[in-house]
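# Observations on the model geometry
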Amino acid sequence: GLVVRAGEKALLPSEVHVKTAASADLAKHRLTLSGLDVRSSFGTLAVPEAVVNDWTRALATATGRGTLAADLATALKQAGGFSPVAAPAALAGQLAADLAMAPDTAGGISARITAGVTKFVYTPAQGAPFEDPALRLALDAVVEPGGTNLAVKSLSIGSTPVALTGAGRLTDLAGAKHLDT
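First, a word on what this report is: a plain description of the structure on this page.

Cut-off values and rules
- Residues numbered from 1 in each chain as written.
- Predicted model: local features only at pLDDT ≥ 70, side-chain atom pairs only at ≥ 80, totals over all residues.
- Heavy atoms only, no water.
- Core = buried A, V, L, I, M, F, W, Y, C linked by side-chain atoms within 4.5 Å.
- Buried < 20%, exposed > 50% of the residue type's maximum accessible area, 1.4 Å probe, protein only.
- Helix = DSSP H or I, 4+ residues; strand = E, 2+ residues; numbered from the N terminus.
- Contact = heavy atoms within 4.5 Å.
- Salt bridge = Lys/Arg side-chain N within 4 Å of Asp/Glu carboxyl O.

Here we come to the nonpolar core. In this structure, Ala70, Leu72, Leu76, Ala79, Leu91, Leu95, Ala97, Ala115, Val117, Phe120 and Leu135 together form the largest nonpolar core, which totals 11 residues. At the level of elements, helix H2 (72-78), strand E7 (90-103) and strand E8 (109-123) are the ones that each hand at least two residues to this core. Setting aside residues up to four positions removed in sequence, leucine 95 forms contacts with Leu68, Ala69, Ala70, Leu72, Ala115, Gly116 and Val117.

Quick look at the side chain of serine 110 now. Turning to its location among the elements, serine 110 is positioned in strand E8. Take serine 110: its relative accessible area is 15%, and that puts it in the buried class. Not counting the four nearest positions on each side in its chain, serine 110 is found in contact with Ala100, Met101, Ala102, Pro103, Asp104, Asp140, Ala141 and Val142.

Moving on, we get to the pattern of salt bridges. On inspection of all chains with the given rule, the structure shows 4 salt bridges. Across the pair arginine 39 and aspartate 37 runs a salt bridge whose closest N-O atoms are separated by 3.1 Å. By relative accessible area, which is 44% here, arginine 39 ends up partly exposed. One salt bridge connects arginine 112 with aspartate 140, and the closest N-O pair in it is separated by 3.4 Å. With arginine 112 in strand E8 and aspartate 140 in strand E9 (residues 130-143), the pair connects residues that are 28 residues apart, well separated along the chain. Judged by its relative accessible area of 14%, aspartate 140 is buried.

Here the focus is unusual backbone geometry. Despite not being glycine, histidine 29 shows a phi value in the positive range, around 60 degrees. Assessed through its relative accessible area of 31%, histidine 29 is described here as partly exposed. One non-glycine residue with positive phi stands out, namely lysine 119, at about 55 degrees. With respect to the helices and strands, lysine 119 occurs in strand E8.

A few words on the environment of valine 47. Position of valine 47 among the secondary structure elements: in strand E5 (residues 43-52). Residues valine 47 and aspartate 98, spaced 51 residues apart in sequence, show a C-alpha to C-alpha distance of 10.0 Å. Residues in contact with valine 47, not counting those within four places in the same chain, are Gly35, Leu36, Arg65 and Gly66.

Structure, rendered in structure tokens:
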């Protein structure tokens, strides 16, 4: 099966199907994917069109929009070290997200995510679970050139009991993770 690795972390979906059409301009180092459809054991990703304008600088020149749907409990069981919560804590719910990325004018990568989780449940290692029928998240951010800092233009999280908004900058993404607000 497919294994995605980043250092010691691994994502191990039990099933993955990918369907797309691609065209390449070898002289310009340009790649276009049309109708990218990824279906896995825990969710789906649909991208009508994605373009890498220069594959020698793939992330800095990529553009695309898409939708993601996933079952959080199943996804996190298969996420290995990528999971944001450590066992025995758990997350559950149905995720639906709209995603967009494009080059930023300063040479970084602009990313926008609007997501909702229905039937959200966070079960901590100890204590009572937190449940919300419709958790919402919106993020507008830029991964700065070099990929080590994230400038958060806006972040909002909404749930039944509370709503949060903010902006700031995460530095040293590969290491200690510092938040400047």
